[in-house]
Amino acid sequence: MSKNLTYLLARLPSGVVRIGVFLLLAGLFTVNVFDATIGSRLVGSSYDTLIKQRFIAPPIDPDIVILDIDEPSLSKMAPTFGRWPWPRDTLASVLDYLEANGAQAVVFDILFADNDVLSPVADKAFSESVARSNTSFFPVLRLASELDVSSAVRADMLPGFAVNVSAGAQAPTIAVIPPVFSAIVATQRLGFHNIYPDDDGVNRHYRLWDDVSDSWRLLSLPARLAEAFNWPLPAAADQLLQLPLTASAYPTVSFVEVWQASQSREKALLGEKLRGKIVVIGSSAPSLFDVKVTPLSSIQPGVHLLANAIDNVKNQRFLLTLDKGPHWILGMLLLVGMLYASMRLPMTVMRWGILVAPTALIGISYLSLNVGSVFIDLTGAASRAFVFFSLMTFYGILRVQYFGTVRESSRPFSVCTTVVLVSAPTPINLNALIDKICVFSRHFTVLQASWAAGTGAASGGPVCLFLFDNFEYDEARVRAALQLDGATASIAGVSHRRLDAGAFEFLRQNLGQSAWGAFGETLVMKDRTENEK
């Protein structure tokens, strides 16, 4: 950094720097808040880390059970039915068994998009089982909305999945892959099972419905269940999931156990365990590739995420977040608080803000995840606190180091006025002091003593000020220029010395010794005065 630039920065009033940093951070924050979308607002935040470290989470709903087509099921059923997909009469047997044993709902996380040309009899058995069912729900695959215009499927062709929210509106075409079985469509218990990740590919939110034009709404499976069982739905479609403590928290029963029970009357006990439950049929087997990236795991089974979404809808447990307006107001209040703190606190305290402020803000976010239903995301505020206090501390240290040496000058000086300042109960704010000195002196040096040893940048002790000029500064002038009222600091002593080239150079080389000499003389004079009293 050039000498001229260093000189300009050092003499720049701290208030100007403080306001400049404040306005820069406030501007960036404002743009970030109002440009954020559902998919981007938590990208890069502390949410993913904090959610994994929670010690409290709402209890999972014990009435939601996963019927897992897991690796043991695939292995045990392979000798009879081969590799997945199995003939669908296996699913028919399980569906009949669950219905007979009083399951509240049977939710398939399996897309039935094509006929099984190798097992048409099994397909017929499954279709008949679906027709008999009163509690089964089935997925539809929602394709990109840009493809709606080229689709041959109209919304009114899938009642129950597509809901007309404006009477009389013409049904639009929708890009979906519907179930191939007419018996499934006839149940009208349909919902899409798409999961839409955030911009960074992590699944934090769940979309409960998709509005097509202003008149039709496509329901997700959890939303379709809510309609069937009269659960209230939130006002917005995209909701932040309240995740459990672990990625596979929901009770699980291996599919092969239920299938075997469906083939034998001797295993009715298993059916009793599933009575009144919402049974979600899906797969956690890695070989079937239904895995999602979530804050809890990079390979979380999709069926567990669907169960979690159903739990959130049923029990109204979605995490709330601050809307853009309140979020902006809170962020600006915190920035104003940082600005005020930097004005009032000495550097000995302010530099701790680099660590303390971000840690406290992240701590508040962490507590909000553990003890409430509203996630207060202060990650951005923590970053701004780190940047703000880092820049202000760096700037303060730069000034203290610059004015902590006797600099060469082309202008000769004949007088050095030495002023010793002692602090009130709080340490002297060296930055504020330098601002005041810059107003009435162009060439000065200031050192602050440490009560431990030596002198340093904002070390908290008394201050020794060297004013170089061709006249003497009297105590009254210094007191008026520094605006000293005794509340923050007071003058303990003022002395003068004549300077020639040799004396000036000696002072440059022995600045610390001269400062400690001034401190010592002041203390001696102070003791003498007190003894005389």
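Asker: Before we go on, may I ask you to explain the overall build of the chain in this structure?
Answerer: Counting secondary structure elements, the chain contains 19 helices and 21 strands. Taking 2.2 N^0.38 as the reference for a compact globule, 533 residues should give roughly 24 Å; the C-alpha atoms of the chain span a radius of gyration of 36 Å, well beyond that estimate. Considering only C-alpha atoms, the chain reaches an extent of 110 × 50 × 40 Å along its principal axes. Looking at the chain as a whole, 49% of its 533 residues are labelled buried.

Asker: Please clarify how helix 2 (residues 14-35) should be interpreted in this entry.
Answerer: Three- or four-residue spacings in an α-helix give side chains the same orientation, since the helix completes a turn every 3.6 residues. For helix 2, spanning 22 residues, the distance from its first C-alpha to its last is 32 Å, which sits close to the expected 32 Å at 1.5 Å a residue. Within helix 2, burial applies to Ser 14, Val 17, Arg 18, Val 21, Phe 22, Leu 25, Ala 26, Phe 29 and Val 33. Down the axis of helix 2, the sector holding all buried residues measures 160 degrees, keeping them to one side. For helix 2, the exposed residues lying more than 90 degrees away from the buried face are Leu 23, Leu 24, Leu 28 and Asp 35. Close packing links the buried residues of helix 2 with helix 12 (324-344), helix 15 (379-403) and helix 16 (430-440).

Asker: Is there a simple way to explain the packing of helix 8 (residues 221-229) against helix 11 (residues 302-315) in this structure?
Answerer: The geometry of a pair of packed helices is captured by two quantities: the angle between their axes and the separation between those axes. Running from N to C, helix 8 and helix 11 point in directions that differ by 35 degrees, and their axes come no closer than 9 Å. Of the two possible hands of crossing, helix 8 and helix 11 adopt the one that is right-handed. Across from Leu 221, Pro 222, Leu 225 and Ala 226 in helix 8, the residues of helix 11 making contact are Leu 306, Ala 309, Ile 310 and Val 313. Here the residues of the contact of helix 8 with helix 11 are counted per class, giving eight nonpolar, no polar and no charged.

Asker: Can you walk me through the environment of Gly 404 in this structure?
Answerer: Tracing the backbone through its elements, the reader meets Gly 404 in the loop between helix 15 and strand 17 (415-423). The spatial distance from the C-alpha of Gly 404 to the C-alpha of Leu 467 is 12 Å, given a sequence separation of 63 residues. Every residue in contact with Gly 404, bar those within four places of it in the chain, is listed here: Thr 445, Val 446, Leu 447 and Leu 511.

Asker: So what exactly am I meant to see when it comes to the pattern of salt bridges here?
Answerer: For side chains of opposite charge, pairing can occur when their charged atoms come near one another. Under the counting rule described, the total for this entry stands at 20 salt bridges. Among the ionic pairs, Arg 204 bridges to Asp 200, the shortest N-O distance being 2.8 Å. Asp 200 gets classed as partly exposed once you look at its relative accessible area, which sits at 36%. The residue Glu 272 makes a salt bridge to Arg 275 at a minimum N-O spacing of 2.8 Å. Members of the salt-bridge network, linked through shared partners, are Asp 48, Asp 198, Asp 200 and Arg 204.

Asker: In this structure, what is going on with the nonpolar core? I would like to understand it.
Answerer: Here is a general trend for soluble globular proteins: nonpolar side chains tend to be buried in one another's company. Among the nonpolar cores identified, the biggest contains 50 residues, and Phe 389, Leu 421, Phe 444, Leu 467 and Leu 482 are the most heavily contacted of them. Every residue in contact with Leu 482, bar those within four places of it in the chain, is listed here: Leu 421, Leu 433, Lys 436, Ile 437, Phe 440 and Leu 465. Within the second largest apolar cluster, 49 residues are counted, among which are Ala 103, Ile 110, Phe 112 and Phe 126.

Asker: Would you explain the environment of Gly 276 in this entry?
Answerer: In this fold, Gly 276 is placed in the loop between helix 10 (268-273) and strand 12 (278-282). Of the residues examined, Gly 276 reaches a relative accessible area of 31% and is grouped as partly exposed. Residues in contact with Gly 276, not counting those within four places in the same chain, are Asp 63, Gly 102, Ala 103 and Gln 104.

Asker: For this particular structure, what's the right way to read the environment of Leu 507?
Answerer: Note that Leu 507 resides in helix 18 (residues 501-509). Take Leu 507: its relative accessible area is 0%, and that puts it in the buried class. For Leu 507 and Val 446, which are 61 residues apart along the polypeptide, the C-alpha to C-alpha distance reads 13 Å. The residues touching Leu 507, leaving out its near neighbours within four places in the chain, are Val 406, Cys 416, Phe 466, Phe 468, Arg 497 and Ser 514.

Asker: In this structure, what is going on with the state of the cysteines? I would like to understand it.
Answerer: Two cysteines joined by a covalent bond between their sulfur atoms form a disulfide. If you walk through the whole model with that rule in mind, you get zero disulfides. Take Cys 416: it sits in no disulfide, and the sulfur closest to it among the cysteines is that of Cys 464, at 8.2 Å. Overall, Cys 464 belongs to the buried group, its relative accessible area being 0%.

Asker: Got a minute to help me understand the pairing of strand 18 (residues 444-449) in this structure?
Answerer: Sheet faces and side chains relate simply in a regular strand, where the side chains alternate between the two faces. Burial of strand 18 is extensive: six of the six residues sit out of reach of the surface. In strand 18, alternate side chains face the same way, and those of Phe 444, Val 446 and Gln 448 on one face and Thr 445, Leu 447 and Ala 449 on the other are all buried. With five bridges connecting them, strand 18 and strand 20 (residues 463-469) associate as antiparallel partners. Bridging from a neighbouring strand, Phe 444 pairs with Leu 467 of strand 20.

What counts, and at which threshold
Residues numbered from 1 in each chain as written. Predicted model: local features only at pLDDT ≥ 70, side-chain atom pairs only at ≥ 80, totals over all residues. Heavy atoms only, no water. Helix = DSSP H or I, 4+ residues; strand = E, 2+ residues; numbered from the N terminus. Rg over C-alpha atoms; globule rule 2.2 N^0.38 Å. Buried < 20%, exposed > 50% of the residue type's maximum accessible area, 1.4 Å probe, protein only. Expected span 1.5 Å × (residues − 1). Arc of directions from axis to C-beta. Contact = heavy atoms within 4.5 Å. Axes fitted to C-alpha atoms, helices over the stretch in contact; angles between N-to-C directions. Left-handed = near helix turned anticlockwise from the far one by under 90°. Nonpolar A, V, L, I, M, F, W, Y, C, P; charged D, E, K, R; others polar. Salt bridge = Lys/Arg side-chain N within 4 Å of Asp/Glu carboxyl O. Core = buried A, V, L, I, M, F, W, Y, C linked by side-chain atoms within 4.5 Å. Disulfide = S-S within 2.5 Å. Pairing = 2+ DSSP bridges.

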